Amino acid sequence: MTKLEITNETIDFIKSWEGFSATAYYDVSRWSVGYGTIGYEGEVVTEKEAFERLRNELEGYSVGLFDQLAFEPSTSQTTALLSAAYNLGVRGIKKVIQICNSGDFKAAAKHLRKYDHAGGNRLPALTRRREAEANLLEQHHEVHAMRGEPRVQFSRVYHLMDKNSSVDDFVSVAREAYEARSTVGFSYDDAGIGDLEHRTVVLHGQHTGAEEWFAEHYPGANVERELVHEYFNPKNPPVAPEPSVSQTKALVGIHGSADGSWGNPVLPETQEIIKTAKIEAYKGLSNESPATMGVLKDINPDMFVLIRLFAKVNEESQTAGEFVNKVGQDARAWYTAGVRHFEVHNEPNLTVEGMFEAWDSGAQFSTWWWSVVRSLQEDMPDAKWGYPGLSPGFTIESIRYDPIRFWDESWQAVDKCDFICAHCYWLDEPMMYDKDGGEWYQRYIEYGKPIMITEFSNPSGSVGKQEKGMQYVKYYKALEGVHSAYSFLSTASSGFSHETWHGSNIATIVGQRDGATA
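Residues numbered from 1 in each chain as written. Predicted model: local features only at pLDDT ≥ 70, side-chain atom pairs only at ≥ 80, totals over all residues. Heavy atoms only, no water.

Asks: Honestly, the side chain of serine 257 in this entry has me stumped. Any pointers?
Replies: Relative to the elements of secondary structure, serine 257 occurs in the loop between β10 (251-255) and α11 (268-277). Sequence-distant contacts of serine 257, defined by excluding residues within four places in its chain, comprise Leu267, Tyr282, Leu285, Leu489, Ser490 and Thr491. (Helix = DSSP H or I, 4+ residues; strand = E, 2+ residues; numbered from the N terminus. Contact = heavy atoms within 4.5 Å.)

Here it is, written out as structure tokens:
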């Protein structure tokens, strides 16, 4: 072998950070096009051409990296090094390579995280990319390739049928499982087996002693008896309770799984966070199973629920109609389950979320936003529609359009929306009280509409989770004129290790706040 192997997973990882631009743009010192490859002024490429050009450029990086490595990298490490080299240059990560060659991958990952500045300023987008690369760099041993472990961890739900179930019984359960994209079968072993961190077995029919059997043979499986909630009666769809909220005291909220719970109901670890932290409001993605509503209702009957309509917007899928086709079925299912508040899209001033592909300004986004709402209103007449949280901060060429300008241009959507969403981030406690940090939402109060902070966190890698928990308690308490605030986030499969609550004591700290009663 004379070069590193370039897999489709590696290319997809790099594409997700680079974003796609059909037209050439000037990037610091040269013209770039497609997925950040070298271009010339006025050049236009298709996505297929951009993919091939990216692969060709990565071939050169793979040779250059291979010549400098004194070890055989895992697939994950190859992805991390190629991504970092593509962004920073092989020379730019020379020190990282040297540390890797010594075998200290944790130290190499720590050093790589430092490369998140541009023009003397730390850029959140670069911080997130370095964190994702660093996590991959630490994955030296990929035992799943030898042991048959899953390619990625995911939460599996297996509906276990009684052996005496009728065809009608099976079809009924299969319809339910189809909506959540889960599995139906008759085998106890199939239900319990697998090197997965989260395995849920739902028992349908008579399964005497099943809990004890799984505890003995597959102790990692979570076993549940079938629950039937009148909450899901489609003939009389309920309305999720909306607690009486003083606009001087925000509901304490949490953002659910970044992976939409893999299409399942709210994950067990998130449920524990909600209970421990005495959470009062929950934000989920529309591709999560609406069965979450039943779970949340059992934990806290007064839980306020907000759903973000989740679908990719890019050159290949940029119209409002295409977006509605992707999210419509899920949105209507959540509506039937009782949800009435929907955030329409996410950070539309970012290129990876549709900027310069689906719209070139805030005004064009307003047209797109209103088209989405009008398309969904007919089936969801009582729904309330939110103007989405913008990516806060300053302009980053080819990455982020100035959020203040975007907001001003999109005044028509602001005028028509039922509530306004905001994203607020900070790196230290003083910044938490700054209008460019934790108080970014203050810009929207004058519009007189309910404000929901649909994402907030301290993403800094140098601040411990305990300190973040104490900051969050202060933040919830200090909010003024805000309906609810959702900390980003409960769990994520990758990319947000400095922000996830799972595996930390943040929930315990938040749950001990003064006045917590949920």
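On we go from here.
Asks: What exactly am I supposed to notice about the packing of aromatic side chains here?
Replies: Describing an aromatic ring pair means giving the distance of the ring centres and the angle of the ring planes. Per the stated rule, a full pass over the model turns up 30 aromatic pairs. The ring of tyrosine 425 carries arginine 128 above its face, with NZ or CZ at 5.4 Å from the centroid. Geometry around tryptophan 370 places lysine 416 over its ring, the cationic atom sitting 4.5 Å from the centre. (Phe/Tyr/Trp six-rings, centres within 6.5 Å; stacked < 30°, edge-to-face > 60°. Lys NZ or Arg CZ within 6 Å of the ring centre and 35° of its normal.)

Asks: Where do I start with the confidence of the model for the protein in this structure?
Replies: Low-pLDDT stretches of the model should not have their predicted coordinates read in fine detail. This prediction gives the protein a mean pLDDT of 86; 90% of its residues lie at or above 70. This stretch, residues 142-148, has a pLDDT under 50; its non-local contacts, to residues over four places away or in other chains, come to eight contacts. Contacts of residues 227-247 to residues separated by more than four positions or lying in other chains number 42 contacts, the stretch itself having pLDDT below 50. (pLDDT = per-residue confidence, 0-100.)

Asks: Got a minute to help me understand the sheet that holds strand β11 (residues 281-285) in this structure?
Replies: Sheet strands pair by backbone hydrogen bonding; their relative direction is either parallel or antiparallel. Spatial strand order, β10-β11-β12-β13-β14-β15-β16-β17: eight strands in a closed barrel with parallel pairing. On average, each strand axis in the sheet is inclined to that of its neighbour by 30°, with strand direction left out of account. Strand direction decides the pairing type here: strand β13 (residues 341-344) and strand β14 (residues 384-387), joined by three bridges, are parallel. Bridge pairing links histidine 341 to lysine 384 in β14. (Pairing = 2+ DSSP bridges. Axes fitted to C-alpha atoms, helices over the stretch in contact; angles between N-to-C directions.)

Asks: I would appreciate a short explanation of the sheet that holds strand β3 (residues 37-38) in the present structure.
Replies: Judged by pairing direction, the sheet is antiparallel, and its three strands sit side by side in the order β1-β2-β3 without closing on themselves. A single partner strand is all that each edge strand has here, and the edge strands are β1 (21-27) and β3. Looking at chain direction, strand β2 (residues 30-34) and β3 are connected through two bridges and run antiparallel. By the bridge assignment, serine 32 is partnered in β3 with isoleucine 38.

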